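Letter by letter, the chains look like this.
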Amino acid sequence: MNTIIWIGVFIATFCIMEFMAWFTHKYVMHGFLWTLHKDHHKKDHDSWFERNDAFFLFYAAISIILFYLWSFEGFWLGLPIGLGIFTYGATYFLVHDIFIHQRFKIFRNANNRYAKAIRRAHKMHHKHLGKNDGECFGMLWVPFKYYKEAK
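The structure presented is a predicted model; accordingly, all values stated were derived computationally and were not measured.

**Q** Got a sec to walk through the nonpolar core? Specific residues and values, please.
**A** Within soluble globular proteins, side chains that are nonpolar generally end up buried alongside one another. By size, the foremost hydrophobic cluster in this structure holds 20 residues, and its most contacted members are Y88, V95, I100, I118, M139, V142 and Y146. Sequence-distant contacts of I100, defined by excluding residues within four places in its chain, comprise V95, I118, H122 and M139.

Quick look at the structure:
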């Protein structure tokens, strides 16, 4: 199997996951599963964990299934797609939970233009406490206006 194709599938999967995160966040989390997501916008509990944390299980399950299909069924696309989903999930955790929400107190001093833009976009998303009238549903790609503000 061609390594270039494998790497291309991996990168394409990672990029598609940004769209999937945006879509899931806008139409599922702020839609019919708002009951699981609302504690992320307005904390109503004392636990370190949020009901919102359950959403990672969906994509983790898909990634695990793809690893299984690759490993036991010979489905070669299972590995690069599964790794693309896994890598996006790890990146999402680092950016969203650690960098933005500081669930672990690291990366606090990152102050470059991208860091400022992503923090600002997420802050604009969280200014809405309800499920309606939201903005900035993506994670890694933020509207250009936040880069301009970060100058």
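**Q** Can you tell me about helix α1 (residues 3-32), naming the residues and giving the values?
**A** The end-to-end C-alpha distance of α1, which contains 30 residues, comes to 40 Å, matching closely the 44 Å that a straight helix rising 1.5 Å per residue would cover. Maximum bend of α1: about 35°, positioned at H25. Between the side-chain oxygen of the N-cap and the backbone nitrogen of I4 there are 2.9 Å, and the N-cap of α1 in question is N2.

**Q** Can you lay out helix α3 (residues 55-73) for me, pointing to particular residues and giving the numbers?
**A** For α3, which comprises 19 residues, the first-to-last C-alpha distance of 27 Å matches the rise-based estimate of 27 Å (1.5 Å per residue) to within 8%. The first or second residue beyond α3 is G74, which carries a positive phi of 75°.

**Q** Explain the packing of helix α2 (residues 34-41) against helix α5 (residues 113-126) residue by residue, including any values.
**A** As a packed pair, α2 and α5 sit with axes 10 Å apart at the nearest point and diverge in direction by 115°. Of the two elements, α2 crosses α5, and the hand of that crossing is left-handed. Contact with α2, carried on its side by H37, H40 and H41, involves H122, H125 and H126 of α5 and no other residues of that element. For the contact of α2 with α5, the class distribution of residues is no nonpolar, six polar and no charged.

**Q** Report on the pattern of salt bridges, specifying residues and quantitative values.
**A** In the structure shown here, the tally under the stated rule is three salt bridges. A salt bridge links R103 to D97; the nearest nitrogen and oxygen atoms lie 3.2 Å apart. For R103, a relative accessible area of 16% gives the class buried. For R120, the salt bridge goes to E149, with nearest N and O atoms at 3.3 Å. In this pair, R120 is assigned in helix α5 and E149 in helix α6 (residues 144-149), connecting sequence segments 29 residues apart. Connected through salt bridges with shared partners, the residues D53, D97 and R103 form a single ionic network.

Rules of the game
Residues numbered from 1 in each chain as written. Predicted model: local features only at pLDDT ≥ 70, side-chain atom pairs only at ≥ 80, totals over all residues. Heavy atoms only, no water. Core = buried A, V, L, I, M, F, W, Y, C linked by side-chain atoms within 4.5 Å. Buried < 20%, exposed > 50% of the residue type's maximum accessible area, 1.4 Å probe, protein only. Contact = heavy atoms within 4.5 Å. Helix = DSSP H or I, 4+ residues; strand = E, 2+ residues; numbered from the N terminus. Expected span 1.5 Å × (residues − 1). Bend = angle between axes of the 7 residues up to and from the residue. Polar contact = N/O pair within 3.5 Å; in protein donor to acceptor, adjacent residues only side chain to side chain. Axes fitted to C-alpha atoms, helices over the stretch in contact; angles between N-to-C directions. Left-handed = near helix turned anticlockwise from the far one by under 90°. Nonpolar A, V, L, I, M, F, W, Y, C, P; charged D, E, K, R; others polar. Salt bridge = Lys/Arg side-chain N within 4 Å of Asp/Glu carboxyl O.

Keep in mind these values describe shape, not function.
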